[in-house]
Amino acid sequence: MKKSKKQYECLIFDADHTLLNYIADEYAGFTRTYARIGMTVTDELLKDSRFFSEETWTEAGLYDVDKPSVQASYHAVYRSHVTGIFEKVFQKHGKPINASAKETGEIFLKELENGGATLGKALEVLTALSQRYDVCIATNGLADIQKGRLKEFAKYAKIYVSEEVGHIKPLSAFFKKILADTGYASEKCLMIGDSLRSDIDGAKSVGMDGCWFNPERRENTTKVFPDYEIARIEELYEFL
(Lines give C-alpha, C1' and ligand atoms only; values in the text may rest on other atoms or scores of the structure.)
Protein backbone atom coordinates (compact mmCIF):
# COMPACT_ATOMS: atom_id res chain seq x y z
CA MET A 1 0.00 0.00 0.00
CA LYS A 2 1.53 3.29 -1.09
CA LYS A 3 1.61 6.34 1.11
CA SER A 4 -0.66 9.20 0.19
CA LYS A 5 0.92 12.34 -1.20
CA LYS A 6 -2.45 14.02 -1.60
CA GLN A 7 -4.42 16.13 0.82
CA TYR A 8 -7.92 14.73 0.73
CA GLU A 9 -10.78 16.72 2.19
CA CYS A 10 -13.72 14.37 1.68
CA LEU A 11 -13.84 10.63 2.39
CA ILE A 12 -16.61 8.55 0.82
CA PHE A 13 -17.30 5.11 2.25
CA ASP A 14 -19.25 2.22 0.81
CA ALA A 15 -21.68 0.65 3.30
CA ASP A 16 -22.17 -3.11 2.95
CA HIS A 17 -19.07 -5.27 3.36
CA THR A 18 -17.08 -2.13 4.18
CA LEU A 19 -18.80 -0.53 7.18
CA LEU A 20 -21.75 -2.87 7.70
CA ASN A 21 -22.03 -6.64 8.06
CA TYR A 22 -24.91 -7.36 5.70
CA ILE A 23 -24.90 -11.11 6.29
CA ALA A 24 -25.32 -10.64 10.04
CA ASP A 25 -28.18 -8.20 9.45
CA GLU A 26 -29.78 -10.59 7.00
CA TYR A 27 -29.69 -13.53 9.42
CA ALA A 28 -31.22 -11.35 12.14
CA GLY A 29 -33.87 -10.11 9.71
CA PHE A 30 -34.77 -13.64 8.69
CA THR A 31 -35.03 -14.69 12.34
CA ARG A 32 -37.41 -11.86 13.23
CA THR A 33 -39.45 -12.35 10.06
CA TYR A 34 -40.05 -16.06 10.65
CA ALA A 35 -41.02 -15.37 14.25
CA ARG A 36 -43.62 -12.86 13.04
CA ILE A 37 -45.25 -15.31 10.60
CA GLY A 38 -45.18 -18.23 13.01
CA MET A 39 -42.42 -20.38 11.53
CA THR A 40 -40.07 -22.27 13.83
CA VAL A 41 -36.58 -20.89 13.32
CA THR A 42 -33.95 -23.57 12.83
CA ASP A 43 -30.34 -23.49 11.70
CA GLU A 44 -31.35 -25.29 8.52
CA LEU A 45 -34.05 -22.73 7.75
CA LEU A 46 -31.64 -19.84 8.22
CA LYS A 47 -28.92 -21.54 6.19
CA ASP A 48 -31.34 -22.20 3.34
CA SER A 49 -32.63 -18.63 3.49
CA ARG A 50 -29.11 -17.24 3.12
CA PHE A 51 -28.43 -19.66 0.25
CA PHE A 52 -31.64 -18.69 -1.55
CA SER A 53 -30.87 -15.01 -1.00
CA GLU A 54 -27.54 -15.36 -2.76
CA GLU A 55 -29.06 -17.55 -5.46
CA THR A 56 -31.92 -15.22 -6.30
CA TRP A 57 -29.64 -12.16 -6.22
CA THR A 58 -27.40 -13.83 -8.79
CA GLU A 59 -30.32 -15.05 -10.90
CA ALA A 60 -31.81 -11.56 -10.93
CA GLY A 61 -28.54 -10.16 -12.27
CA LEU A 62 -28.08 -7.76 -9.37
CA TYR A 63 -24.34 -8.35 -9.38
CA ASP A 64 -24.21 -7.12 -12.97
CA VAL A 65 -24.21 -3.44 -12.08
CA ASP A 66 -22.47 -2.53 -15.34
CA LYS A 67 -25.48 -3.60 -17.42
CA PRO A 68 -27.82 -0.76 -18.45
CA SER A 69 -30.87 -3.00 -17.93
CA VAL A 70 -29.85 -3.65 -14.31
CA GLN A 71 -29.00 0.01 -13.73
CA ALA A 72 -32.46 1.04 -14.95
CA SER A 73 -34.44 -1.47 -12.87
CA TYR A 74 -32.17 -2.18 -9.89
CA HIS A 75 -34.55 -1.24 -7.09
CA ALA A 76 -37.62 -2.97 -8.52
CA VAL A 77 -35.57 -6.09 -9.17
CA TYR A 78 -34.18 -5.86 -5.64
CA ARG A 79 -37.72 -6.10 -4.24
CA SER A 80 -38.72 -8.94 -6.54
CA HIS A 81 -35.59 -10.88 -5.60
CA VAL A 82 -36.72 -10.76 -1.96
CA THR A 83 -40.08 -12.27 -2.93
CA GLY A 84 -38.13 -14.96 -4.75
CA ILE A 85 -36.24 -15.87 -1.58
CA PHE A 86 -39.44 -16.77 0.26
CA GLU A 87 -40.96 -18.55 -2.71
CA LYS A 88 -38.01 -20.95 -2.53
CA VAL A 89 -38.09 -21.13 1.26
CA PHE A 90 -41.79 -22.00 1.34
CA GLN A 91 -41.36 -24.55 -1.43
CA LYS A 92 -38.79 -26.41 0.64
CA HIS A 93 -39.98 -25.80 4.21
CA GLY A 94 -43.71 -25.32 3.79
CA LYS A 95 -45.81 -22.19 4.00
CA PRO A 96 -47.60 -20.98 7.11
CA ILE A 97 -51.35 -20.46 6.78
CA ASN A 98 -52.22 -16.99 5.45
CA ALA A 99 -48.59 -16.19 4.59
CA SER A 100 -47.48 -15.30 1.08
CA ALA A 101 -43.99 -14.89 -0.33
CA LYS A 102 -44.66 -11.28 -1.30
CA GLU A 103 -46.07 -10.26 2.08
CA THR A 104 -43.29 -12.12 3.90
CA GLY A 105 -40.76 -10.34 1.73
CA GLU A 106 -42.26 -6.99 2.72
CA ILE A 107 -41.99 -7.95 6.40
CA PHE A 108 -38.37 -8.94 5.86
CA LEU A 109 -37.54 -5.62 4.18
CA LYS A 110 -38.99 -3.76 7.17
CA GLU A 111 -37.03 -5.94 9.58
CA LEU A 112 -33.82 -5.14 7.73
CA GLU A 113 -34.31 -1.50 8.68
CA ASN A 114 -33.58 -2.55 12.28
CA GLY A 115 -30.14 -3.88 11.38
CA GLY A 116 -26.83 -2.12 11.71
CA ALA A 117 -24.20 -4.74 12.58
CA THR A 118 -20.84 -3.12 11.99
CA LEU A 119 -17.68 -4.64 10.60
CA GLY A 120 -14.74 -4.55 12.99
CA LYS A 121 -13.80 -1.04 14.07
CA ALA A 122 -15.65 0.66 11.22
CA LEU A 123 -17.72 2.98 13.41
CA GLU A 124 -14.74 3.90 15.57
CA VAL A 125 -12.55 4.68 12.56
CA LEU A 126 -15.20 6.67 10.72
CA THR A 127 -15.99 8.65 13.85
CA ALA A 128 -12.33 9.56 14.31
CA LEU A 129 -11.82 10.49 10.68
CA SER A 130 -14.93 12.67 10.71
CA GLN A 131 -13.05 15.02 13.03
CA ARG A 132 -10.60 15.83 10.22
CA TYR A 133 -12.53 15.19 7.01
CA ASP A 134 -15.99 15.61 5.60
CA VAL A 135 -17.39 12.09 5.41
CA CYS A 136 -20.05 10.63 3.13
CA ILE A 137 -21.46 7.13 2.74
CA ALA A 138 -22.40 5.99 -0.76
CA THR A 139 -24.51 2.84 -1.00
CA ASN A 140 -26.71 1.00 -3.44
CA GLY A 141 -30.01 -0.19 -2.00
CA LEU A 142 -33.41 0.84 -0.74
CA ALA A 143 -33.42 4.11 1.17
CA ASP A 144 -35.39 3.09 4.27
CA ILE A 145 -33.31 -0.03 4.77
CA GLN A 146 -29.91 1.56 4.30
CA LYS A 147 -30.71 4.65 6.36
CA GLY A 148 -32.09 2.47 9.13
CA ARG A 149 -29.01 0.28 9.18
CA LEU A 150 -26.67 3.29 9.02
CA LYS A 151 -28.34 5.27 11.79
CA GLU A 152 -25.24 5.20 14.02
CA PHE A 153 -23.01 6.34 11.16
CA ALA A 154 -25.43 9.10 10.18
CA LYS A 155 -24.26 11.08 13.21
CA TYR A 156 -20.93 11.58 11.45
CA ALA A 157 -21.60 11.24 7.73
CA LYS A 158 -24.02 12.32 5.01
CA ILE A 159 -25.67 9.27 3.46
CA TYR A 160 -26.33 8.80 -0.25
CA VAL A 161 -28.57 5.86 -1.16
CA SER A 162 -29.06 4.91 -4.80
CA GLU A 163 -32.86 4.80 -4.52
CA GLU A 164 -32.88 8.47 -3.51
CA VAL A 165 -30.05 9.55 -5.80
CA GLY A 166 -31.82 8.00 -8.78
CA HIS A 167 -28.70 6.21 -10.01
CA ILE A 168 -26.70 3.24 -8.75
CA LYS A 169 -22.98 2.87 -8.38
CA PRO A 170 -20.89 2.60 -10.58
CA LEU A 171 -22.71 5.21 -12.68
CA SER A 172 -20.81 8.48 -12.77
CA ALA A 173 -24.09 10.31 -12.09
CA PHE A 174 -24.11 8.85 -8.58
CA PHE A 175 -20.67 10.27 -7.80
CA LYS A 176 -21.38 13.56 -9.56
CA LYS A 177 -24.31 14.03 -7.18
CA ILE A 178 -21.94 13.83 -4.22
CA LEU A 179 -19.50 16.24 -5.84
CA ALA A 180 -22.29 18.69 -6.60
CA ASP A 181 -23.64 18.53 -3.05
CA THR A 182 -20.31 18.81 -1.27
CA GLY A 183 -18.67 21.27 -3.65
CA TYR A 184 -15.38 19.39 -3.59
CA ALA A 185 -13.19 18.85 -6.61
CA SER A 186 -12.88 15.15 -7.44
CA GLU A 187 -9.16 15.10 -6.66
CA LYS A 188 -9.96 16.11 -3.08
CA CYS A 189 -12.15 13.03 -2.58
CA LEU A 190 -11.24 9.43 -1.76
CA MET A 191 -13.67 6.54 -2.21
CA ILE A 192 -13.24 3.54 0.13
CA GLY A 193 -15.10 0.34 -0.69
CA ASP A 194 -14.94 -3.41 -1.22
CA SER A 195 -16.18 -3.49 -4.83
CA LEU A 196 -13.71 -2.79 -7.59
CA ARG A 197 -16.57 -2.24 -10.05
CA SER A 198 -19.15 -0.33 -8.04
CA ASP A 199 -16.86 1.66 -5.76
CA ILE A 200 -13.42 2.03 -7.29
CA ASP A 201 -14.26 2.08 -10.99
CA GLY A 202 -17.27 4.29 -10.35
CA ALA A 203 -15.21 6.79 -8.39
CA LYS A 204 -12.49 6.84 -11.01
CA SER A 205 -15.05 7.62 -13.70
CA VAL A 206 -15.32 11.12 -12.19
CA GLY A 207 -11.65 11.49 -11.30
CA MET A 208 -11.69 10.40 -7.66
CA ASP A 209 -9.01 8.21 -6.13
CA GLY A 210 -10.08 4.83 -4.80
CA CYS A 211 -9.09 2.66 -1.86
CA TRP A 212 -9.99 -1.01 -2.18
CA PHE A 213 -11.10 -2.59 1.09
CA ASN A 214 -10.00 -6.19 0.62
CA PRO A 215 -10.05 -8.06 3.95
CA GLU A 216 -9.88 -11.45 2.25
CA ARG A 217 -6.88 -10.35 0.19
CA ARG A 218 -8.51 -11.42 -3.06
CA GLU A 219 -6.46 -11.24 -6.21
CA ASN A 220 -7.38 -8.35 -8.47
CA THR A 221 -8.04 -9.95 -11.86
CA THR A 222 -9.81 -6.89 -13.29
CA LYS A 223 -8.58 -3.88 -15.21
CA VAL A 224 -9.57 -1.61 -12.34
CA PHE A 225 -6.56 -0.37 -10.40
CA PRO A 226 -7.15 1.18 -6.98
CA ASP A 227 -4.80 3.82 -5.66
CA TYR A 228 -4.64 2.07 -2.28
CA GLU A 229 -5.53 -1.32 -0.88
CA ILE A 230 -6.27 -2.19 2.75
CA ALA A 231 -7.28 -5.35 4.58
CA ARG A 232 -8.40 -3.63 7.79
CA ILE A 233 -10.29 -0.37 8.01
CA GLU A 234 -7.77 0.89 10.59
CA GLU A 235 -5.10 0.91 7.90
CA LEU A 236 -6.63 4.16 6.64
CA TYR A 237 -4.77 5.87 9.48
CA GLU A 238 -1.48 4.92 7.84
CA PHE A 239 -1.93 7.25 4.90
CA LEU A 240 -4.65 9.72 5.91
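Preceding this section is the structure that the text describes.
Residues numbered from 1 in each chain as written. Predicted model: local features only at pLDDT ≥ 70, side-chain atom pairs only at ≥ 80, totals over all residues. Heavy atoms only, no water.

Structural notes on the packing of helix H3 (residues 68–93) against helix H4 (residues 101–112)
Thinking step 1. For the pair H3 and H4, the least separation of the axes is 8 Å and the interaxial angle reads 120°. Here the hand of the crossing between H3 and H4 comes out right-handed. Facing Tyr-78, Arg-79, Val-82, Thr-83, Phe-86, Glu-87 and Phe-90 of H3, the residues of H4 in contact are Ala-101, Lys-102, Thr-104, Gly-105, Phe-108 and Leu-109. (Axes fitted to C-alpha atoms, helices over the stretch in contact; angles between N-to-C directions. Helix = DSSP H or I, 4+ residues; strand = E, 2+ residues; numbered from the N terminus. Left-handed = near helix turned anticlockwise from the far one by under 90°. Contact = heavy atoms within 4.5 Å.)

Re unusual backbone geometry
Thinking step 1. Of the consecutive residues Lys-169 and Pro-170, the connecting peptide bond is found in the cis state with omega at 15°.
Thinking step 2. Relative to the helices and strands, Pro-170 is located in the loop between helix H7 (162–165) and helix H8 (172–182).
Thinking step 3. Phi at His-17 takes a positive value of approximately 70°, unusual for a residue other than glycine.
Thinking step 4. One can find His-17 in the loop between strand E1 (10–13) and helix H1 (22–37).
Thinking step 5. In this model, Asn-98 sits at a positive phi of 70°, which is unusual for a non-glycine residue.
Thinking step 6. Position of Asn-98 among the secondary structure elements: in the loop between H3 and H4.

Looking at the side chain of Lys-88
Thinking step 1. Tracing the chain through its elements places Lys-88 in helix H3.
Thinking step 2. Only 3.0 Å separates the side chain of Lys-88 from the side chain of Glu-59, close enough to count as a polar contact.
Thinking step 3. The residues contacting Lys-88, other than those within four sequence positions of it, are Phe-52, Glu-55, Thr-56 and Glu-59. (Polar contact = N/O pair within 3.5 Å; in protein donor to acceptor, adjacent residues only side chain to side chain.)

A closer look at the sheet that holds strand E5 (residues 209–213)
Thinking step 1. With respect to topology, 6 strands assemble into an open sheet ordered E3-E2-E1-E4-E5-E6, the strand pairing being parallel. If you trace the sheet from one side to the other, it starts and ends with strand E3 (158–161) and strand E6 (228–230), each paired once. Shown here is a sheet whose adjacent strand axes are inclined to one another by a mean of 20°, direction ignored.
Thinking step 2. Across 3 bridges, the pairing between E5 and E6 is parallel. When the sheet's bridge partners are listed, Phe-213 is paired in E6 with Ile-230.
Thinking step 3. In this fold H8 packs onto E1, strand E2 (134–139), E3 and strand E4 (189–193), with an angle of close to 150° to the strand it touches most, E3. (Pairing = 2+ DSSP bridges.)

A look at the packing of helix H2 (residues 43–59) against H3
Thinking step 1. It is the contact of H2 with H3, at a shortest axis distance of 8 Å, that shows an interaxial angle of 140°. Comparing the axis directions of H2 and H3 gives the class oblique. Both H2 and H3 take part in a crossing whose hand is right-handed. Judged by residue contacts, Glu-44, Leu-45, Asp-48, Ser-49, Phe-52, Ser-53, Glu-55, Thr-56, Trp-57 and Glu-59 of H2 engage Tyr-74, Tyr-78, His-81, Gly-84, Ile-85, Lys-88, Val-89, Lys-92 and His-93 from H3.
Thinking step 2. Looking at the contact of H2 with H3, its residues break down into 7 nonpolar, 6 polar and 6 charged. (Parallel < 35°, antiparallel > 145°, perpendicular 65-115°, else oblique. Nonpolar A, V, L, I, M, F, W, Y, C, P; charged D, E, K, R; others polar.)

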